[in-house]
Amino acid sequence: MAATLRIQSDWTRALSRDEGEAWLSCRSPGKPTLYGSVTRRGLSSDGVPDIVASEGFVVGEVTKKSILISCPHENVSTKFLAPYTSFSRIHQKSITCLDISSGGGLGVSTSTDGTMKIWQAANGEIRRLLEGHVYDVNCCRFFPSGLVVLSGGMDAQLKIWSAEDAGCVVTFKGHKAGILDTAIVDRGRNVLSCSRDGTARLWDCGKSACLGIIADCGSPINGIALGTADNSLNLGTPEKPPSEREVGTEGKILLLAREDKKLQGVGLQSRQPVFLFVGSDAFNCCTFLSSTYILAGTQDGNIYQLDVRNTNAPIQVIHRSGAPVLSLLPYRDGFIASQGDGTCFVVQQDLGYVLDLTEADCDPVYKVASWEKEIYTCCRDGIVRRYQLSDL
């Protein structure tokens, strides 16, 4: 894997005054780490800081919120982006999950302070408190309408909430242990959940009933992702005809990121296994980049890119640090990943550099959500950060 550039997490504060300095490092596997720094010399005529780098590093474009750094010797460039705004008042403790509504107006988040809240994405102002789970809520997401929220908790319950009046409209019971992730089928007449109990289940929202166990793998399922399968893929046939309450399950494949180092693909309607890939460590998260390409992240910092038509060998393995990969999100021509050491980065196909979303200082960034050019992250330090991406 290529070299990785890092910068001091609060580099914007450090470089906010003349002679201010922030450290840099360039780590390449099997080589000694190169350390250096950037120093601010003053301001240019248009109010942008004039910044120089120490030997071995080169400063490219600088704006008020971003700085492009290269290490020519390792042929690597990274654009470091500071948050456009941060919300520290939504929760009192670590924020474990967040999502942004389809219209971009609302956010929902869960925290180890025991709360789940809906807030305005523009200013972080709290709109609703969603109360009803026992113990912590592990995961939350908006339905495509943006008016309804799906959540899963340590209490093994899956709940559906109205974002308008905070009422809990449906509770699904059936899992034997905490729910770790959810997915929504099409517009949301059916939803999916996975749990520490080793099962992934399909639910009917209208009748608040379980439509079936999609997989039972005897190992906690840490994350799931639902995608439309490539036409050439054989998804298998259901053993018995699907219930008429099953809506939109045909032609879909469910990915399971498993604790036992396995990434599994299952035909959603058929409940039949499609592939099984063994990784280097427990899989924490997975996502679809397209109907053929998928990504999955492990506890030891590997991001595997696979082709669902042939999972014998990965297309590539991205490894930026040994910290757990906690969240993966498709974004434009690439993806966004966050890790347990506070790093969060954006990879785009034809971009000559990695975009690093900075400021979380060694605190895990648990989840990333995006809306158009805005990227939201949530972190163990209790802060929601919003980054504004210029034209990539």
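About the cut-offs
- The residue numbers shown here count from 1 along each chain, following its written sequence.
- Owing to the predicted nature of the model, reporting of local features is limited to residues with pLDDT of at least 70; listing and counting of side-chain atom pairs is limited to 80 or more, with chain, interface and lining totals taken over all residues.
- Hydrogens and water are ignored here; the side-chain numbers use all heavy atoms of the structure.
- Note on pairing: two strands pair once DSSP finds at least 2 bridges between them.
- Numbering of helices and strands runs from the N terminus; a helix is a DSSP stretch of H or I covering at least four residues, while a strand is a stretch of E covering at least two.
- Geometry is summarised by axes, namely lines fitted to C-alpha atoms with helices restricted to the contacting stretch, and by angles between N-to-C directions that run from 0 to 180 degrees.
- Exposure classes here rest on a 1.4 Å probe applied to the protein chains alone. A residue is buried below 20% of its type maximum, exposed above 50%, and partly exposed in between.
- Pairs of N or O atoms within 3.5 Å make up the polar contacts considered here, provided that, within protein, one atom can donate a hydrogen while the other can accept it, and that residues adjacent in sequence are counted only when both atoms are side-chain atoms.
- Residues are treated as being in contact if the distance between any of their heavy atoms lies within 4.5 Å.
- The pairing test for Phe, Tyr and Trp rings, Trp by its six-membered ring, is centres within 6.5 Å, and the orientation test on the planes gives stacked under 30 degrees, edge-to-face over 60, and tilted for anything in between.
- When the NZ atom of lysine or the CZ atom of arginine is within 6 Å of a ring's centre and also within 35 degrees of its normal, the charge is said to sit over that ring.
- We define a salt bridge as a side-chain nitrogen of Lys or Arg found within 4 Å of a carboxyl oxygen belonging to Asp or Glu.

A. Structural detail: the sheet that holds strand E25 (residues 283-288). Taken in spatial order, the four strands of this open sheet run E25-E26-E27-E28, and their pairing is antiparallel. In this open sheet, the two edge strands, each paired with only one partner strand, are E25 and strand E28 (316-319). Neighbour-to-neighbour, the strand axes of the sheet open up by a mean angle of 20°, direction not taken into account. Two elements, strand E26 (residues 293-298) and strand E27 (residues 302-307), share five bridges in a ladder whose sense is antiparallel. Bridging across to E27, Leu295 finds its partner in Gln305.

B. Region of the structure containing the side chain of His133. Position of His133 relative to the elements: it lies in the loop between strand E12 (126-129) and strand E13 (137-142). Owing to a relative accessible area of 13%, His133 belongs among the buried residues under this scheme. Of note is the side chain of His133, whose polar atom sits 2.7 Å from the side chain of Ser151. A distance of 3.1 Å separates polar atoms of two side chains, one belonging to His133 and the other to Asp155. Not counting chain neighbours up to four residues away, the residues in contact with His133 comprise Met116, Ser151, Gly152, Gly153, Asp155, Gln157, Lys159 and Trp161.

C. Broad picture of the pairing of strand E35 (residues 384-388). The element E35 is largely enclosed, with a buried count of four among its five residues. Looking at chain direction, strand E8 (residues 85-87) and E35 are connected through three bridges and run antiparallel. Paired with Ser86 across the strands is Arg385, a residue of E35. With antiparallel pairing between neighbouring strands as the criterion, strand E34 (residues 374-379) and E35 make up a hairpin whose turn holds four residues, including Gly382 at a positive phi of roughly 80°.

D. Geometry of the packing of aromatic side chains. Applying the stated rule across the entire model yields seven aromatic pairs. When the ring of Phe87 is compared with that of Trp119, the centres are 6.1 Å apart and the planes differ by 65°; the resulting orientation is edge-to-face. Of this pair, Phe87 sits in strand E8 while Trp119 sits in strand E11 (residues 116-120), placing them 32 residues apart in sequence. Residues Phe87 and Trp119 agree in their burial class; the two are buried. Put simply, the rings of Phe87, Trp119 and Tyr376 touch in pairs and so form one group of aromatic residues. The ring of Phe345 carries Arg320 above its face, with NZ or CZ at 4.5 Å from the centroid.

E. Structural view of the pairing of strand E23 (residues 262-267). Within E23, five of the six residues are buried, which leaves it mostly tucked inside the rest of the structure. Pairing between strand E22 (residues 252-258) and E23: five bridges, direction antiparallel. By the bridge assignment for E23, Leu255 is matched with Gly265. Linking E22 to E23, which pair antiparallel, is a turn of three residues; within it Lys261 sits at a positive phi near 70°. Pairing geometry for E23 and strand E24 (residues 273-278), over five bridges, is antiparallel. Bridge pairing links Gly265 to Phe275 in E24. Count of turn residues in the E23/E24 antiparallel hairpin: five residues, of which Arg271 carries a positive phi of about 65°.

F. Inspection of unusual backbone geometry at higher detail. Phi at Ala166 is positive, roughly 65°, even though this residue is not glycine. By the element assignment, Ala166 lies in the loop between strand E15 (158-162) and strand E16 (168-172). What makes Ala166 buried here is its relative accessible area of 16%. Here Glu359, not a glycine, exhibits a phi torsion of approximately 120°, which is positive. On the basis of relative accessibility, which here comes to 28%, the residue Glu359 falls in the partly exposed class.

G. Inspection of the pattern of salt bridges at higher detail. Across all of its chains, the model carries 18 salt bridges by this definition. Ionic pairing is found between Asp260 and Arg258, a salt bridge with its closest N-O pair at 2.7 Å. With a shortest N-O distance of 4.0 Å, Arg386 and Glu374 are connected by a salt bridge. Placement of Arg386 in strand E35 and of Glu374 in strand E34 is noted, with a sequence separation of 12 residues between them.

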